[in-house]
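# Reading the structure
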Amino acid sequence: MSTVTAPADTTKAPAKKSGGFTAAASNYLDERTSISAAVKEFGRKIFPDHWSFLLGEVALYSFIIILLSGTFLTFFFQASMAEVHYEGSYIPLKGVEMSAAMASTLDLSFDIRGGLLMRQVHHWAALLFVASIGLHMLRIFFTGAFRKPRELNWVIGFVLFILAMAEGFTGYSLPDDLLSGNGLRIIDGMVKGIPLIGTWTSYLLFGGEFPGTEIVGRLYSLHILLLPAMVLAFIALHLLFVVVHKHTQYAGPGHTQQNVVGYPVLPVYAAKAGGFFFIVFGVVMLIASLFTINPIWNYGPYDPSPVSAGTQPDWYIGFADGGLRLAPSNLDLVLFNHTFSFGILLPLAVIGLFIVAVMLYPFLEAWITGDKREHHILDRPRNAATRTAIGAAGVTFYAVLWAAASSDIIATHFHVTMEGVIHTLQALLFLGPIIAYFVTKRICIGLQKKDREIALHGYESGRIVRLPGGEYIEVHEPVSDYERWKLVSHEEYKPLMIRPNSRGKITAGQKVRAGLSRWFFEDRISPVSRTEIESSHGEHH
Amino acid sequence: MAQDGNSGTDLAAADSSNHGHGTEHAVGTAVVATDAVPNPGFPPHRPRVTDLDPKKEKRAERTVYTLFYLSAAGSIWAIAAYMMFPIEPENLASVRTNNLFIGLGLALALLALGIGAVHWGKALMHDREGIDMRHPTRGSVETRERAVEIFAEANEESGFGRRSLIRNSLIGALIAFPLPAVVLFRGLAPEGEDANPVNLLQNTMWKKGDRLARDPSGVPIKASDVTIGSVFHVIPEELANLGHSDGYLEEKAKAIVLLMRLNPEELVEDEDKKDWSYDGIVAYSKVCTHVGCPVALYEQQTHHLLCPCHQSQFDVTNHCAVIFGPAARPLPQLPIAVDDEGYLVAQSDFLEPVGPSFWERH
Amino acid sequence: MFRNHNRSPRQQRNTGRRSPLATTALIAVGLLFTGGAYAAFSTSTASAETAHAASASTVAEGKKLFQANCASCHGLALEGTDEAPSLIGVGAASVDFQVGTGRMPLQAQGPQAPVKPVQFTDEQVRALAEYVATSGPGPSIPDESLLQADGDAANGAELFRVNCAMCHNVAGAGGALTEGKFAPALTGVEPVHIYEAMVTGPQNMPVFNDANLTPEDKRDIITSLKFTQANSTVGGHALGSLGPVAEGLFMWIFGLGAVVALTVWITARSN
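Source: prediction; values computed, not measured. Every chain is numbered on its own, with residues counted from 1 as its sequence reads. All chains are assigned letters beginning at A, and all ligands numbers beginning at 1, according to the order in which they are written. Given that this is a predicted model, residues contribute local features only at a pLDDT of at least 70 and side-chain atom pairs are listed and counted only at 80 or more, while totals for whole chains, interfaces and linings are drawn from all residues. No hydrogens and no water enter the side-chain calculation; it runs on all heavy atoms of the structure.

This part takes up the interface of chain B and chain A. With 116 residues of chain B at the contact, the number on the chain A side is 146 residues. Buried surface at the junction of chain B and chain A, both sides included, amounts to about 11300 Å², of which 60% is carbon and sulfur. Whenever Lys or Arg places a side-chain nitrogen within 4 Å of a carboxyl oxygen from Asp or Glu, that contact is recorded as a salt bridge. Connecting chain B to chain A are four salt bridges. Ionic pairing is found between Glu209(A) and Lys254(B), a salt bridge with its closest N-O pair at 2.8 Å. In protein, a polar contact means a hydrogen-donor-capable atom and an acceptor-capable atom, both N or O and within 3.5 Å, with residues adjacent in sequence counting only if both atoms are side-chain atoms; elsewhere, any N or O pair within 3.5 Å suffices. Linking chain B with chain A are 51 residue pairs in polar contact (both at pLDDT 80 or more). At the level of secondary structure, the elements contributing two or more residues to the side of chain B that touches chain A comprise helix H3 (54–84), helix H4 (92–124), strand E1 (130–133), helix H8 (197–200), helix H9 (248–255) and strand E9 (321–324) of chain B. Here a strand is any run of E in DSSP of at least two residues, a helix any run of H or I of at least four, and the numbering for each starts at the N terminus. It is H4(B) that contributes the most residues to the side of chain B that touches chain A, 19 residues altogether. When its residues are assigned to classes, the side of chain B that touches chain A shows 66 nonpolar, 31 polar and 19 charged. Here, any two strands with at least 2 DSSP bridges between them count as paired. When strand E5 (residues 259–264) of chain A meets E1(B), the two strands line up antiparallel, connected through four bridges. Paired with Val261(A) across the two strands is Ile131(B), which belongs to E1(B). The contact criterion used is simple: two residues touch if any of their non-hydrogen atoms lie within 4.5 Å. Buried area is calculated as the accessible area (1.4 Å probe) missing from two parts once they are joined, with the contributions of both summed. Side-chain classes follow a simple rule in which Ala, Val, Leu, Ile, Met, Phe, Trp, Tyr, Cys and Pro form the nonpolar group, Asp, Glu, Lys and Arg form the charged group, and the remainder, Gly included, forms the polar group.

See the structure below:
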């Protein structure tokens, strides 16, 4: 592990005074655990301070909240589809037959003090968990934090995102209410559409014909045992790599690729990060006490016949549901006595390719640049214009799929036709990313030009002055060296020139790479050089 | 134009802001800037008001401990709320107050604790930034050489590379050992003669002479009950007698039907399906052919059926052909007739599998 | 709180509910005229009498109002025109629903008639309804006893889920139909109008005649709807009862928004 140099001029932590309970206890522990080494190693570890570096923490804390509230829920929930008669407090369901899962969820909500609160904390925190992972990933992407040496940690984070969605979906299905039952029915229909193995996969999954009496218990095992264990393991790995790599930092005066500048774990970071856990928990608690989430008593027990208008999955599955909604009609193809259900396979393939592209992006960019150096200083999104534009296109693509999942609600709330919404979104699924790409790229390059202007000539002050010769000029406020450094210290790449390899051949791979490289780096603005600054100073003085 | 193969070593020496760490790393197509602006180094430290003004410091201290006391008060409030706002049976207002007041107490406890700690960190704790130095992620040359050596020694001592029979049989054993676990999962679904999903999907419980009955009561429906413009949600009469343990939900998931009466003149019917309807009364499977949601929305003027899950639309006047949305096939029609007592009955089961497409469907 | 069951209780309940229905002789006759099937009726025992109680003077007033406000589209003799369906035999319930909720008179052609401020007094609506009811037998305005929301909420909730929720949403929050049409939200709708909508099937809503949902079933549905709406905020604000879309948006905008605002505060340097 790395050695830690003492922060610039921090007073030394006071040496442990002899005697006292703390000293005795510390000594007892250390003699048995060697914990002093860990304190020495990590106690003063530096973490840079920026709001966007806390987004991953939000995800971590949401997960802890989910674990705490979820454990409470397990004490009351019965993961069984055995039929019971509900005899609890909710009058419109009294006497109704339902599974023990649904009945116990209702009892938990209506007959256990604080039970509804914990259910709502759990569900709201789950929404926050996946949302914060999404925002965290966007931050990593747009600042280029996935570059070497962090590519594998990006993949680990990506796996966590998928696991979080799986956790969410399995949890959503547990109460066995009408909404989640219809969600499972959709899953069943999608699984059956998979060639070759679909029919049997569904049969095994549900333990017989849909809905069967097994699925809730099986999803429960996944939801409370396998998936959380995997999430924990991957979080541990994710954080281990954060320690190994040390945190990235934004460009700033004094910041280099070889240092990390920020606050030590003890005490400042511990106070802020520890306090932040309680703040996140408090925000979730506040929401849970003021806003209803998933009122299963409205939906009633699952029955294959009823369905509610506005049947949607939780937000993070929305993009997949939207993909299904946007597929064209009548795509089934019967070939060789088998049905190819392209109405399902097509959206699955599109979504699958999209998420695989997200996972592999760091490797693609590394291949194009060929840059094998470690990158610890983050890019400003504008300075990696093509990457930022690709990101914007991806976000647009996802957003269109996501919007499609609420096409019916968009139609009623904006007084437009459902068909119009769906046709528009179908067109936007292809046009939106293209438009977003070009608009974003232009904006980035425009901002780069502006940065260049500011670095060379200072800020526009808005003050117009007439020179003795009659000429009008706008006075520019000079920019300090510290501020300028943020504007000029970014990387620059050039398009790759194709060169024959050692055997005098130009491989197809190289051609592709050169093409991509041109696409990436053709439009670029070089960072301001020292000479330029000196000469611009000459002009002004 | 840039070319690969440049080395970053020289850069590292040139400017401290560059990469390299002295190890050889290709910079790829990155531009090696020889004329870069130098890093100006750390800006001077700016003290906070709490560093300069003891009064402000005192006030910050007061704020922090007040918040911590407030947090404790919130926790106590939550406990008190648990006792003061019990849930009374069948009284949802009491559930609401219970949820609200315990929640607000806990929220206060958590937020005050968190905000207090952060404020302490921001306003009162030492605020000089520290610096850690980074080291290349890769191990040092010696470490890496030693690692290679260890593997070589282990290979030598075990003969892993040399004794290929042992090695290959080991790999084979390792591949084979998880396979039984895969097989064990066959037990997830019932086995036996009739436990074949492909066969099960072909049929529903409808059979000739089954009365169409109201969902969920099981009251049979007379043709005369079905007036023009009305829609009935239908199950086989016998289904209502099934208990949940007898497969009620599984049978229902396939057998649900929507019954509508249209003006017979509006129905466009194929020759071979002419006698599947009765005087403008038609019955269609309610299970969407897309992914299986109940297609339950009937518009009595347009005669369109709409699935609320993915917006597939079916035209009831035209054998429920798909007219919009992702569904791929028309809804299967249940042939119906009227028995001696005037009740609607099925002529047979559906003549094709209901619900979503599957691989073995043809 | 709940107990396991031994024999199918569904059956028990069913038999209990079936007998009165089975003994009720219901002869339903659909009436259809050119210009679109607008309504159907059933000779429900509860209703047939009331139409005849109308006094001659209210019918005359209703006729006057009709000719002044409705006849341009529906025809002087209720026979309908190209623009609007015939009203012969639609019954008083249909008029009370359409005019009493402000849907009629229609302001502009659109995908469907929206709810507007009611243009007539209660007496005028009643007069119009009685006038139209004289044209032929149709569903009449339901008896007050069915509108008290004092029935079996559990039965009503189950019937609501099976027959109504797919369009109107399980909490009655409304939902989308094809081509810009929609099933309106049922929050705050008068029980009498809910009942009338079920028996008359306004616009694209199907008809739920008394053979499909008995008057008691309809009363139970109203009961459960009123219960749900009176108790929509058990866990706090219901966010429009729109389900996961509203919840997801709320978490992104307000939940994550608040948390991000706090991260900015946490990392901002103290003054």
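Following the structure, the description resumes.
Strand pairing within a sheet occurs via backbone hydrogen bonds; the two strands may be parallel or antiparallel. Residues and elements named next belong to chain B. Reading across from one edge, E2-E3-E4-E5 is the order of the four strands in this open sheet, with antiparallel pairing throughout. Only two strands of the sheet have a single neighbouring strand rather than two, namely strand E2 (212–214) and strand E5 (281–285). Between one strand and the next, the sheet's axes are offset by a mean angle of 40 degrees, whatever the strand orientation. Note that strand E4 (residues 257–261) and E5 share five bridges and pair antiparallel. In the sheet register, Met260 faces E5, and the bridge partner there is Val282. Working convention: axes come from line fits to C-alpha atoms, limited for helices to the stretch in contact. Angles between N-to-C directions cover 0 to 180 degrees.

Before going further, it helps to examine a nonpolar patch on the surface. Within the patch definition used here, like charges are joined within 9 Å and nonpolar side chains (Val, Leu, Ile, Met, Phe, Trp, Tyr) within 5 Å, considering only residues with over 30% relative accessible area and no salt bridge. Note on areas: Shrake-Rupley, 1.4 Å probe, and residue coverage restricted to the protein chains presented here. A contiguous nonpolar surface patch, about 800 Å² in accessible area, is contributed by Leu428(A), Phe430(A), Leu431(A), Ile434(A), Ile435(A), Phe438(A), Val439(A) and Ile443(A). With respect to the element layout, Leu428(A) can be found in helix H16 (residues 418–457).

In this text, buried Ala, Val, Leu, Ile, Met, Phe, Trp, Tyr and Cys residues form a nonpolar core when linked through side-chain atoms within 4.5 Å. Between buried and exposed lies partly exposed: a residue is buried under 20% and exposed over 50% of the maximum accessible area for its type, with that area taken using a 1.4 Å probe on protein chains only. Counting residues in hydrophobic clusters, the biggest one holds 196 residues, and the most contacted among them are Trp124(A), Phe276(A), Met260(B), Leu305(B), Phe314(B), Val316(B) and Phe66(C). With 16 residues, helix H5 (residues 115–142) of chain A is the single largest residue contributor to this core. Apart from residues lying up to four places away in sequence, Leu305(B) is in contact with Leu258(B), Met260(B), Val295(B), Leu297(B), Tyr298(B), Ser312(B), Gln313(B), Phe314(B), Val316(B), Cys320(B) and Leu331(B). Core analysis: the second largest hydrophobic core is formed by 26 residues, Met205(B), Leu212(B), Ala240(B) and Ile256(B) among them.

This paragraph deals with the pattern of salt bridges. Residues and elements named next belong to chain A. Overall, the coordinates contain 40 salt bridges over all chains when judged by the stated rule. The salt bridge involving Arg325 is made with Asp321; its shortest N-O contact spans 3.3 Å. Of this pair, Arg325 and Asp321 both sit in helix H12 (residues 318–326), separated by four residues, roughly a single helical turn. You can call Arg325 buried: its relative accessible area is 1%. For Arg373, the salt bridge is made with Glu491, and the minimal N-O distance between the two is 3.1 Å. Within this pair, whereas Arg373 is found in the loop between helix H13 (342–369) and strand E8 (377–378), its partner Glu491 is found in the loop between helix H17 (481–488) and helix H18 (508–521), the two being separated by 118 residues in sequence. Within the structure, one salt-bridge network assembled from shared partners comprises Arg147, Glu365, Asp379 and Arg387.

When the parts of a complex come together, some accessible area is lost, and that lost area is often taken as the interface size. Residues and elements named next belong to chain A. Domain start and stop points were drawn from an automatic or database domain assignment. According to the domain assignment, chain A consists of domain 1 (2–33), domain 2 (46–81 + 114–312) and domain 3 (380–401 + 431–541). Computed over C-alpha atoms only, the centres of domain 2 and domain 3 are separated by 37 Å. Counting from both sides, the interface comprises twelve residues of domain 2 and, opposite them, eleven residues of domain 3. If you sort the residues of domain 2 by the area they bury against domain 3, Phe141, Phe142 and Pro253 come out on top, with a joint share of 50%. Where domain 2 touches domain 3, the interface holds zero salt bridges.

A helix's residues, less one, multiplied by 1.5 Å, set its expected span. Between the first and last C-alpha of helix H1 (residues 21–33) of chain A there are 18 Å, a value that for 13 residues agrees with the 18 Å anticipated at 1.5 Å per step. Positive backbone phi, at 60 degrees, marks Ser34(A), one or two positions downstream of H1(A).

In this section: unusual backbone geometry. Residues and elements named next belong to chain A. With an omega of 10 degrees, the peptide bond between Lys148 and Pro149 qualifies as cis. Relative to the helices and strands, Pro149 is located in the loop between H5 and helix H6 (151–173). A positive phi angle is found at Asp176, which is not glycine, with a value near 60 degrees. Position of Asp176 relative to the elements: it lies in the loop between H6 and helix H7 (178–192). Here Asp176 falls in the buried class, since its relative accessible area comes to 10%.

Glancing now at the interface of chain B and chain C. Tallying the contact residues gives 48 residues for chain B and 48 residues for chain C. For the pairing of chain B and chain C, the buried interface totals around 4200 Å² over both sides, and the portion due to carbon and sulfur atoms is 54%. If you sort the residues of chain B by the area they bury against chain C, Lys122(B), Arg214(B) and Gln300(B) come out on top, with a joint share of 14%. At the boundary of chain B and chain C, one finds three salt bridges. Notably, a salt bridge pairs Asp127(B) with Arg269(C), separated by 2.5 Å at the nearest N-O pair. Counting across the interface, chain B meets chain C through 23 residue pairs in polar contact (both at pLDDT 80 or more). Listed by contribution, the elements that provide at least two residues to the side of chain B that touches chain C are helix H2 (49–52), H4, strand E3 (231–236), strand E6 (297–299) and strand E7 (304–306) of chain B. The element that contributes the greatest number of residues to the side of chain B that touches chain C is H4(B), accounting for nine residues.

What follows deals with the state of the cysteines. All names here are of chain B. Note on disulfides: each one is a pair of cysteine sulfur atoms within 2.5 Å. Under the definition given, this model contains one disulfide over all chains. Two residues, Cys293 and Cys309, share a disulfide whose sulfurs are 2.1 Å apart. Between Cys293 and Cys309, the disulfide has an S-S torsion of -90 degrees and is therefore left-handed. Of this pair, Cys293 sits in the loop between E5 and E6 while Cys309 sits in the loop between E7 and strand E8 (313–315); the two residues are 16 residues apart in sequence, bridging distant segments of the chain. Each member of the pair Cys293 and Cys309 is classed as buried. Left without a disulfide partner, Cys288 is nearest to the cysteine sulfur of Cys307, which lies 4.1 Å away.

On to the sheet that holds E9(B). All names here are of chain B. Within the open sheet, the four strands sit side by side as E6-E7-E8-E9. Their pairing is antiparallel. Edge positions in the open sheet fall to E6 and E9, since each of these has one partner strand only. Ignoring which end each strand starts from, the neighbouring axes of this sheet average 30 degrees apart. Looking at chain direction, E7 and E8 are connected through three bridges and run antiparallel.

For the rest of this paragraph, the subject is the packing of H13(A) against H18(A). Residue and element names in this part refer to chain A. Across the interface, H13 lies against H18 with an axial gap of 9 Å and an inter-helix angle of 95 degrees. For the element pair H13 / H18, the angle class is roughly perpendicular. Residues Tyr361, Leu364, Glu365, Trp367, Ile368 and Thr369 of H13 form the contact with H18, whose participating residues are Gly509, Val512, Arg513, Leu516, Ser517, Phe520 and Phe521. Residue composition of the contact of H13 with H18, by class: eight nonpolar, three polar and two charged. Angle categories are assigned with fixed cut-offs, so that under 35 degrees is roughly parallel, over 145 is roughly antiparallel, 65 to 115 is roughly perpendicular, and the rest are oblique.

Our focus in this paragraph is a negative patch on the surface. Residue and element names in this part refer to chain B. A cluster of acidic side chains, namely Asp270, Glu271, Asp272 and Asp275, defines a negative patch on the protein surface. Tracing the chain through its elements places Asp270 in the loop between E4 and E5. Given the relative accessible area of 36%, Asp270 is considered partly exposed. Positive charges come from Lys and Arg, negative ones from Asp and Glu, while His and the chain ends are left out of the count. We put the charge of a Lys on NZ, of an Arg on CZ, of an Asp on CG and of a Glu on CD.

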